[in-house]
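Single-letter residue listing:
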Amino acid sequence: MSSRALKGSPSCSWLLSDRKMMKMLVVFGILLHAPALVSALQAKVGDPFVLLPCQFDTFEVTNPTVLWTFSSSTVHRRQQGEDQLQDQDPRYRGRTSMRTDALADKDLSLNLTKLVLSDSGNYSCIVRDHREEIHRESVTLQVEGGFPSWATALLVVLGILVLCISGGVLFCFRQHFMSEYRVPLGYNKKFVLLPCKTTACLSEDVRVEWTDGGGRKVHVYENGSDLTDEQDGLYKTRTAMEKKFKSGDVSLTLKYPTDEDNNIYTCKIYSQGTILTQKTVTLYIKGAKKGKSSIV
């Protein structure tokens, strides 16, 4: 029987259709049981880089193009041995790279740097010959931890604000933390303030003693009263003490200062016989003339 006759017979037509069906079933079975080319990676915000794997031999491909995508965005493109990044998503600008010999070495992996939370998702590695897709792999990347960029910027701003406020507070209350003071006084001034401040919250029953470098008592306060009987005659009627106990301020105003008042003064704060705080103040009157008052 001739081949033409075989082709025309109904039984041969059924045989040819059955062969095509078997071939399609074999191909479907191979695709069904083939392992899916999917990888899963984990990284953290702040990691220097992560490598998204992709392996394919492009040796026999005439004009291979490797395209890495995220959703519908272009992450990286390599064509004819060179990066083609004209259509790259701006989010990945300067953050992606591939090996220079990637197409020759079968390693089409993508290096992604400066990881952020928004890098999480599914990436595709697509190999094309001319415009025909011949290979595809998927990589799922999960980036964890860290703060979003807006939160980091907010923390930086808050940190600077806290430093500024802290610096301002420390400057305003610097005298509360100092143990020694230098007080310059111009000539012909009617009074001078000798500072004595502490961070402690004082009660009114404390004892405060102001003395000069010669051990003379300049001012004494105890249990709510100024003890003028203990005061040296040189300073009588010339002193007044601040009584801001809650803020720790027991500074002393010295009236009608003269060149004889150039001295080192000590402020001691007692509670039940124990010294809570001790401060020293060096007073020097600029331009004072020996033996003459600094007031007119």
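Relevant structure appears above.
Analysis parameters
Residues numbered from 1 in each chain as written. Predicted model: local features only at pLDDT ≥ 70, side-chain atom pairs only at ≥ 80, totals over all residues. Heavy atoms only, no water. Salt bridge = Lys/Arg side-chain N within 4 Å of Asp/Glu carboxyl O. Disulfide = S-S within 2.5 Å. Helix = DSSP H or I, 4+ residues; strand = E, 2+ residues; numbered from the N terminus. Buried < 20%, exposed > 50% of the residue type's maximum accessible area, 1.4 Å probe, protein only. Core = buried A, V, L, I, M, F, W, Y, C linked by side-chain atoms within 4.5 Å. Contact = heavy atoms within 4.5 Å.

(A) How the structure looks around the pattern of salt bridges. Enumeration according to the criterion identifies 17 salt bridges in this entry. Among the ionic pairs, Glu133 bridges to Arg136, the shortest N-O distance being 2.9 Å. Salt bridges sharing partners connect three or more residues here, namely Arg207, Glu209, Lys217, Glu222 and Glu230.

(B) Molecular detail of the state of the cysteines. With the rule as written, the count across this model stands at two disulfides. In this model Cys54 forms its disulfide with Cys125; the gap between the sulfur atoms is 2.1 Å. Residues Cys54 and Cys125 share a disulfide whose torsion about the S-S bond is about -75°; that sign makes it left-handed. Of this pair, Cys54 sits in the loop between strand S2 (49-52) and strand S3 (64-70) while Cys125 sits in strand S8 (residues 121-129), placing them 71 residues apart in sequence. Here Cys54 matches Cys125 in class, with each residue buried. For Cys196, the disulfide goes to Cys267, at an S-S distance of 2.2 Å. Residues Cys196 and Cys267 are joined by a disulfide whose S-S torsion is about -75°; by sign, that bridge is left-handed. Here Cys196 is found in the loop between strand S11 (191-194) and strand S12 (207-211), whereas its partner Cys267 is found in strand S17 (residues 263-271), with 71 residues between them in sequence. The exposure classification of Cys196 matches that of Cys267, with both residues buried. Taken N- to C-terminal, the disulfide-bonded cysteines of the protein chain are connected 1-2, 3-4.

(C) The arrangement of the nonpolar core in detail. In terms of nonpolar packing, the biggest core is built from 24 residues, with Leu194, Val208, Trp210, Val250, Tyr265, Ile269 and Leu283 touching the most fellow members. If sequence neighbours within four positions are ignored, Ile269 has contacts with Cys196, Thr198, Leu202, Val206, Arg207, Val208, Val250, Thr274, Ile275, Leu276 and Thr277. With 22 residues, the next largest nonpolar core counts Leu52, Phe70, Leu112 and Leu115 among its residues.

(D) Quick peek at the environment of Glu204. Position of Glu204 among the secondary structure elements: in the loop between S11 and S12. Residue Glu204 is classed as exposed on the basis of its relative accessible area, which comes to 55%. Residues Glu204 and Asn223, spaced 19 residues apart in sequence, show a C-alpha to C-alpha distance of 6.0 Å. Excluding its chain neighbours within four sequence positions, the residues that come into contact with Glu204 are Tyr221, Asn223, Gly224 and Phe245.

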